[in-house]
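# Residue-level structure breakdown
Listed below, chain by chain, are the residues.
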Amino acid sequence: MPPAQNADRAKVITLIHRKGGAGKSTIAVNLAAVSGENNPPASPDDPCPVAAAGTDPQGSLEDWAARVPEARLPFDYIITKGRLGEIPELVQDPAVRRLYVDTPGFMETDPDADLDADPLGTGPAAKAMEEVLEHTDLALVPLTPDWLTHRPAEFTIERILKPRGIKFLVVVNMWDSGSDRPDKDTGLCKELEELRDWCRQREYPFAAQAIRRYKIHAKAPKEGLTVIDYAESGTALRAREDVYKLALAVEQAL
Ligand SMILES: Nc1ncnc2c1ncn2[C@@H]1O[C@H](COP(=O)(O)OP(=O)(O)O)[C@@H](O)[C@H]1O
Ligand SMILES: [Mg+2]
């Protein structure tokens, strides 16, 4: 399937990271919710201008979305689980303005492939990922304080995104602002600064706003909540604010 040519087509924002657990699904659902809240349909019978696609066979996006009361879910979602053709169709749908795609982690299919070979390989999962990437306008790569996620993040950028010329933004996720307090002289938070330095050293653009680690994010799927329905006080408000600021940065980067 060739990339969509229509300049007025939906913009596609894809969460991608080779490793599971960095926050792809959390960020995809919450960004779609914020975007959907800001772009309601012209009338209640019209389709939502904002859509989300779950391409992960594990189904996090749809399991979560299915628990959110319909009136509180301001986006439509589709489940591809790797089926081909649905993303291109959504992207060409004139009613859709934004599409947030949640992807599975991935691994090379061929351990003996040349180092510079494309690591997605050729299997069905690779084809599905390829289709998503062909339509992606902006990739978001979550980076967490967990050091073991750093190399897979770099791999995702160097081996998947850069060779395809896909614009990307690193998003620091699960930053623990409770323990990583600002230094009293510099005002800088050591762990956060290390993550930002990691990006700077590689010349990777990163979102100014980190997504802090809050329990409410981990509880939200079970409770059928997205950030747009977090309480507007205390830590819930701070958790909510992070995603709203990220949503602004994403729109600016598009
Ligand atoms: N900022 C955060 N604060 C607290 N928990 C988070 C945060 N981001 C993600 N999580 C939790 O971490 C786990 C992995 O996140 P998830 O979005 O499922 O990652 P991925 O989709 O990349 O595998 C989930 O349990 C999720 O609720
Ligand atoms: Mg996921």
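Scroll up for the structure.
Residues numbered from 1 in each chain as written. Chains lettered and ligands numbered in written order. Predicted model: local features only at pLDDT ≥ 70, side-chain atom pairs only at ≥ 80, totals over all residues. Heavy atoms only, no water.

Before going further, it helps to examine unusual backbone geometry. The phi torsion at Lys 81 lies on the positive side, around 45°, for a residue other than glycine. Structurally, the position occupied by Lys 81 is in the loop between strand E3 (76-79) and helix H3 (86-92). On the basis of relative accessibility, which here comes to 46%, the residue Lys 81 falls in the partly exposed class. For Met 174, which is not a glycine, the phi torsion comes out positive at approximately 65°. (Helix = DSSP H or I, 4+ residues; strand = E, 2+ residues; numbered from the N terminus. Buried < 20%, exposed > 50% of the residue type's maximum accessible area, 1.4 Å probe, protein only.)

Our focus in this paragraph is the sheet that holds strand E4 (residues 98-102). Strand order in this open sheet of seven strands is E3-E2-E4-E1-E5-E6-E7, and the pairing throughout is parallel. This sheet does not close on itself; its edge strands, each paired only once, are E3 and strand E7 (211-212). In terms of strand pairing, strand E2 (residues 50-54) meets E4 through five bridges, oriented parallel. Within E4, the position partnered with Ala 52 by the bridge is Tyr 100. (Pairing = 2+ DSSP bridges.)

Here Thr 80 lies in the loop between E3 and H3. Not counting chain neighbours up to four residues away, the residues in contact with Thr 80 comprise Gly 54, Thr 55, Glu 86 and Ile 87. (Contact = heavy atoms within 4.5 Å.)

From the geometry alone we can't say anything about function, so treat these as descriptive.
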